[in-house]
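Structural overview for review
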Amino acid sequence: MSTVTENWIDRFEGLKRLPPDLRAALVQGSDIVSVPAGTQIFAPGQSADNLLLLLDGTVRVQQRSSTGREVFLYRVHAGESCVLTTACMLAFEEYAADGIAETDVRAVAIPRATFDDLAGRSPVFRAFVFKAYSRRITDLFTLIDDIVFQRMDVRLAARLLELADSGGVVHATHQMLASELGTAREVVSRTLSEFHRRGWIEQARGEVHLTGREGLERLARSSGAV
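The structure displayed is predicted, hence computed values, not measured ones. (Residues numbered from 1 in each chain as written. Predicted model: local features only at pLDDT ≥ 70, side-chain atom pairs only at ≥ 80, totals over all residues. Heavy atoms only, no water.)

Some details on the UniProt feature "domain: HTH crp-type" (unreviewed entry) in the protein chain
Look at the UniProt record and you will see "domain: HTH crp-type" (unreviewed entry) annotated at residues 150–214. Along residues 150–214, the helical share is 54% and the strand share 15%, with 20 Å between the first and last C-alpha atoms. (UniProt positions renumbered as here; feature names shortened; annotations may be inferred. Helix = DSSP H or I, 4+ residues; strand = E, 2+ residues; numbered from the N terminus.)

Here it is as structure tokens:
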């Protein structure tokens, strides 16, 4: 087994304990794939044929309502797998959401045959799959709780801090931020205007510059009680 192979398996904590024969089966039964930023990796109505383990990049998973409104669900980062894909593969269901490559993505694609084989005969592989699944389900419950109970200004402040690059710039339109938070663009625009009034941000086309990070951090740490 090559060093490259060893390295990608060892990047996933739950797979490190696979015995040599199952490590070999996983490698031989999978492929490393690359897709450019902006690629739609899956869409509603498609079947889930491969479990993707991300090596590099991020994938945004979102759902679109019948009225066309987009709601952000979660991101898959390097070292993670997609819980929606896992659920669809386990239940033989079609996707009900979109998966979009936000950056250039490199991933390990595990076909259904390999997935079913390892899930059936390896407790280590099953534990890896279900641990990732349970962790993401918890995240989704947190998202629901935030949407229902958390103040929008608190949520927006936290999301700006999360999305900002090393230079303190968030590369997103008001509509993109609204999709992230499951709200209307007008709500985001009003809240950003208030943040600007407080001196916490400056806005440019498709960008938000964090100029008062301390104020945003204080707000994000607040209880958000209405």
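There is more to say after this.
A few points about the domain arrangement of the protein chain
Under the domain assignment, the protein chain is made up of domain 1 (9–136) and domain 2 (149–222). For domain 1 and domain 2, the distance between their C-alpha centres works out to 30 Å. Listed by partner, the interface residues are 6 residues for domain 1 and 9 residues for domain 2. Taken together, the two surfaces of domain 1 and domain 2 that pack against each other cover about 530 Å², and 34% of this comes from carbon and sulfur. Summed over the three residues of domain 1 that lose the most area to domain 2, namely Arg69, Phe72 and Arg75, the buried surface amounts to 65% of that side. Applying the counting rule to domain 1 against domain 2 returns 2 salt bridges. A salt bridge links Glu180 to Arg60; its shortest N-O distance comes to 2.4 Å. Viewed at the interface, domain 2 and domain 1 are joined by 3 residue pairs in polar contact (both at pLDDT 80 or more). When residues in the side of domain 1 that touches domain 2 are grouped by element, the largest group, 4 residues, is from strand S5 (residues 70–77). (Domains from an automatic or database assignment. Contact = heavy atoms within 4.5 Å. Buried area = accessible area lost by both parts, 1.4 Å probe. Salt bridge = Lys/Arg side-chain N within 4 Å of Asp/Glu carboxyl O. Polar contact = N/O pair within 3.5 Å; in protein donor to acceptor, adjacent residues only side chain to side chain.)

A short note on the sheet that holds strand S4 (residues 58–64)
One open sheet holds the 4 strands; their spatial order is S2-S6-S4-S5, and the pairing between them is antiparallel. At either end of the open sheet lies a strand with only one pairing partner, and these are strand S2 (40–42) and S5. Taking the axes of each pair of neighbouring strands and ignoring which way they run, one obtains an average angle of 30° across the sheet. Here 4 bridges tie S4 to strand S6 (residues 98–101), and the two strands are oriented antiparallel to one another. Bridging from a neighbouring strand, Val61 pairs with Gly99 of S6. Across the sheet, helix H7 (residues 174–181) touches S4 and S5, and the angle it forms with S5 is around 80°. (Pairing = 2+ DSSP bridges. Axes fitted to C-alpha atoms, helices over the stretch in contact; angles between N-to-C directions.)

Some thoughts on the pattern of salt bridges
Evaluation of the coordinates by the stated rule reveals 13 salt bridges. Note that Arg121 and Asp117 form a salt bridge whose closest N and O atoms lie 3.1 Å from each other. Of this pair, Arg121 and Asp117 both sit in helix H4 (residues 112–121), 4 residues apart, which is roughly one turn of that helix. Relative accessible area serves as the criterion here: at 45%, Arg121 is assigned to the partly exposed category. Notably, a salt bridge pairs Arg151 with Asp153, separated by 2.9 Å at the nearest N-O pair. A single salt-bridge network, built from bridges that share partners, covers Arg60, Arg75, Glu102, Arg159, Glu162 and Glu180. (Buried < 20%, exposed > 50% of the residue type's maximum accessible area, 1.4 Å probe, protein only.)

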